[in-house]
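# Descriptive analysis of the structure
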Amino acid sequence: MEQNNEGSLAQVRHVVLVLSGKGGVGKSTITTELALALRHAGKKVGILDVDLCGPSIPRMLSVGRPEVHQCDSGWVPVYTDAQKSLALMSIGFLMEDPDEAVVWRGPKKTALIGQFVSDVAWGELDVLLVDTPPGTSDEHLAVLENLKKHKVDGAVLVTTPQAVSTGDVRREITFCKKTGVRILGIVENMSGFVCPHCSECSNIFSKGGGEELAKLTGSVFLGSVPLDPLLGASLEEGKDFTESFPDSATFSAISTISQTLIKSLESD
């Protein structure tokens, strides 16, 4: 197992966890848009979707439910483009029925995560983003345990502006410190609502909670991403928002976050 683990990740330069203290903050959205922005910046990117009970990224990237093939090195990830610059592995590809619920106890989830880490033939990647479920559960410990033979560069934490969300992210920060995971930065999602008619941004859920949390905890604040109907529609339809709306303020925010992230990774 050790040899396979090293082999599957041997050509992966950086591994980044995407974490959130609670569900519904748009963690998978941020993971998807970060991956697309990094790809547009010329990076080869992979997404490992270990949100086993809510694998939404295959739909967000409009890859459907293709059959997962095997090669000598293990499972072949699903590529979203002909250039093979964005690879994805998700439990969504392994379920016979897309409406089937994953009703598994911890050991079975841990075993699948171990397979995802050790048996996927990622090949050469600049960044592997690991989309995790909310909270601090068995899945997170399983990911870290299986990645311990490979350097984990750190974690990006996603929150919304409200105190009820930032409070949960505080516990996620404690989790990172206890497990020795470097915090690469905090992203404040749903930070204001962009009007589809005039593009004015209104602060529906308040604003600045993520930035304030970053200051209080000594973490890097990567930036804010607003609620944008165009972004929501792109994700629903599986379209590349960063390609469709390059002049939008939301694209600018996502692009800035991705550039800050890659500079942090490459400066180590």
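## As for the overall build of the chain
Looking only at helices and strands, the chain has 10 helices and 11 strands in total. Against the 2.2 N^0.38 benchmark of 18 Å for 268 residues, the chain shows a C-alpha radius of gyration of 18 Å, consistent with a compact globule. Here the C-alpha coordinates of the chain stretch approximately 55 × 40 × 40 Å along the principal axes. Classification of the 268 residues of the chain by burial places 54% in the buried group. Considering only contacts within the chain whose residues lie at least 6 apart along the sequence, 79% involve residues at least 24 apart. Counting only carbon and sulfur atoms, one obtains 49% of the accessible surface of the chain, whose full area is about 12300 Å². Distance between charge centres in the chain, computed from 24 positive and 34 negative side chains, equals 6 Å.

## A word on a negative patch on the surface
On the surface, a cluster of negative charge is contributed by E96, D97, D99 and E100. Turning to its location among the elements, E100 is positioned in the loop between β6 (86–90) and α4 (106–119).

## Brief notes about the side chain of S191
Note on placement: S191 falls in strand β9 (residues 183–194). Look at S191 and you get buried, because its relative accessible area is 2%. Of the polar contacts made by the side chain of S191, one reaches the side chain of E188; its length is 2.7 Å.

## Re the nonpolar core
L17, L48, M89, F116, W122, L128 and L157 are the most contacted members of the largest nonpolar core, which totals 75 residues. In this structure L17 touches V130, V143, L144, L147, V152, G154, A155, V156 and V181, once residues within four positions along its chain are discounted.

## Examining unusual backbone geometry
Trans peptide bonds make up the majority, and among non-glycine residues the majority have a negative phi. You will see that S62, though not glycine, has its phi angle at about 55°, which is positive. With respect to the helices, strands and loops of the structure, S62 is situated in the loop between α3 (57–60) and β3 (70–71). By relative accessible area, which is 47% here, S62 ends up partly exposed. Positive phi values are uncommon outside glycine, yet K84 reaches one of about 55°. The topology assignment puts K84 in the loop between β5 (78–79) and β6. Classification of K84 by relative accessible area gives partly exposed; the value is 47%.

## A short note on the side chain of S28
Mapped onto the elements, S28 comes out in helix α2 (residues 27–40). Of note is the side chain of S28, whose polar atom sits 2.8 Å from the side chain of D131. S28 has contacts with D51, S56, I57, M60 and D131, leaving out every residue within four places of it along the chain.

## Quick look at the confidence of the model for the chain
Scored by pLDDT, the chain has a mean of 88; 97% of the residues are at 70 or more. Taken as a whole, residues 1–6 scores under 50 in pLDDT and shows eight contacts with residues more than four places along the chain or in a different chain.

## Examining the pattern of salt bridges
Under the counting rule described, the total for this entry stands at 11 salt bridges. For the salt bridge of D131 with K27, the shortest nitrogen-to-oxygen distance reads 3.1 Å. Here D131 is found in strand β7 (residues 125–131), whereas its partner K27 is found in helix α2, with 104 residues between them in sequence. Owing to a relative accessible area of 0%, D131 belongs among the buried residues under this scheme.

Conventions adopted
Per-chain numbering applies: the sequence of each chain, read as written, is numbered from 1 onward. The predicted nature of this model means local features are confined to residues of pLDDT at least 70 and side-chain atom pairs, given and counted, to a pLDDT of 80 or more, with totals for whole chains, interfaces and linings taken over all residues. As a convention, hydrogens and water are excluded, and side-chain values are obtained from all of the structure's heavy atoms. By definition, any uninterrupted DSSP run of H or I lasting at least four residues is a helix, any uninterrupted run of E lasting at least two residues is a strand, and each is numbered from the N terminus. Computation of the radius of gyration draws on C-alpha atoms, with the globule rule given as 2.2 Å multiplied by the number of residues to the power 0.38. Residue exposure (1.4 Å probe, protein chains only): buried if accessible area is under 20% of the type maximum, exposed if over 50%, otherwise partly exposed. Note on contacts: a residue pair is in contact if any heavy atoms of the two residues lie within 4.5 Å. The Shrake-Rupley method, run with a 1.4 Å probe sphere, supplies the accessible areas, and residue values consider only the shown protein chains as cover. The convention is simple: Lys and Arg are positive, Asp and Glu are negative, and His and the chain ends are not counted. Here the site of a charge means NZ on Lys, CZ on Arg, CG on Asp, or CD on Glu. For patch detection, residues must exceed 30% relative accessible area and be free of salt bridges, and they are connected within 9 Å for like charges or within 5 Å for nonpolar side chains (Val, Leu, Ile, Met, Phe, Trp, Tyr). Basic side-chain nitrogens of Lys or Arg form a salt bridge, by our definition, when they fall within 4 Å of a carboxyl oxygen of Asp or Glu. Nitrogen and oxygen atoms within 3.5 Å of one another constitute a polar contact, given that in protein one can donate a hydrogen and the other can accept it, and given that sequence-neighbouring residues count only through two side-chain atoms. Only buried Ala, Val, Leu, Ile, Met, Phe, Trp, Tyr and Cys residues count toward a nonpolar core, and they belong to the same one when joined by side-chain atoms within 4.5 Å. Note on scores: pLDDT gives the predictor's confidence for each residue, bounded by 0 and 100.

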